[in-house]
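# Structure assessment
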Amino acid sequence: MSNSTPRDASTRAADTDRIQVAQLLTEAAAKGRLQLDEYERRLAKAYASQTYEELDRLTEDLPEATDTSHRRGASKPAPKTLLLAILSGFERRGRWNVPGRMTTFTLFGGGVVDLRYADFTSANVEIHAYSIMGGQTILVPPEVNVEVHGIGVMGGFDHDIDGHGTPGAPKVVVRGFSLWGGVGIKRKDRKSTGPDQP
């Protein structure tokens with residue numbers, strides 16, 4: 001739906017519309033316009049919204065909502081990403097665009113992928129995680145839905161994720177293996193002090 005096309009507020013919203021509103025809410029929280037609890041409450045409602053009217057109510061008091069050029073159009077997922085740690089490490093924290101597909105690999109190294117403050121650009125995210133004599137941790141926020149299909153050979157691959165996500169929120173599917181290493185997947189709350197905290 002183009003920005004210039006008239007729309008009925010009762011028109012059903014698409015996944016891309018919910019993701020764009022979630023990004024707008026994240027921007028407002030990053031600028032201090034929303035406290036953490038209010039941000040998370042609105043975020044859960046955005047993912048559960050069915051119509052444009054419901055989405056618009058969540059952002060009507062935010063200055064960022066006056067510029068609608070970023071909404072109601074085709075959403076472009078972030079490009080596929082490869083994160084490598086060979087005798088080294090990687091960290092992806094803070095505010096960044098989560099692609100629809102990501103591969104992480106550690107060999108005698110370690111890594112952290114923190115999705116708690118990130119902007120999802122796709123409703124479905126696949127992470128292919130591989131660790132050989134290394135380790136990595138994937139941190140997911142409370143509202144995200146998670147599926148794990150990985151194996152550990154003389155190593156560990158977490159399958160037990162505490163809690164359940166919010167209906168309509170992005171779904172993260174983690175696949176892969178670890179050999180003499182580990183892949184940890186943890187659901188972790190955001191901190192009110194922001195993304196710089198571990």
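A quick note: this is a predicted structure, and the numbers were derived from the prediction, not measured.

Calculation rules
- Residues numbered from 1 in each chain as written.
- Predicted model: local features only at pLDDT ≥ 70, side-chain atom pairs only at ≥ 80, totals over all residues.
- Heavy atoms only, no water.
- Pairing = 2+ DSSP bridges.
- Helix = DSSP H or I, 4+ residues; strand = E, 2+ residues; numbered from the N terminus.
- Axes fitted to C-alpha atoms, helices over the stretch in contact; angles between N-to-C directions.
- Phe/Tyr/Trp six-rings, centres within 6.5 Å; stacked < 30°, edge-to-face > 60°.
- Lys NZ or Arg CZ within 6 Å of the ring centre and 35° of its normal.
- Buried < 20%, exposed > 50% of the residue type's maximum accessible area, 1.4 Å probe, protein only.

## Quick notes on the sheet that holds strand 9 (residues 145–153)
An order of 1-4-7-11-9 is seen for the five strands of this open sheet, with the pairing classed as parallel. Looking at strand neighbours, the two that pair on one side only are strand 1 (81–86) and strand 9, the edges of this open sheet. On average, adjacent strands in this sheet sit at an angle of 10° to one another, irrespective of strand direction. Pairing between strand 4 (residues 101–107) and strand 7 (residues 124–132): seven bridges, direction parallel.

## Concerning the packing of aromatic side chains
Inspection of every chain in the model, using the stated rule, returns one aromatic pair. Stacked on the ring of W96, the Lys or Arg R92 has its end atom at 5.1 Å from the ring centre.

## Notes on unusual backbone geometry
One non-glycine residue, M154, lies in positive phi territory at about 50°. Within the element layout of this structure, M154 appears in the loop between strand 9 and strand 10 (156–157). On the accessibility criterion, M154 (60% relative accessible area) is exposed. Of note in this structure, W180 is not a glycine but carries a positive phi near 50°.

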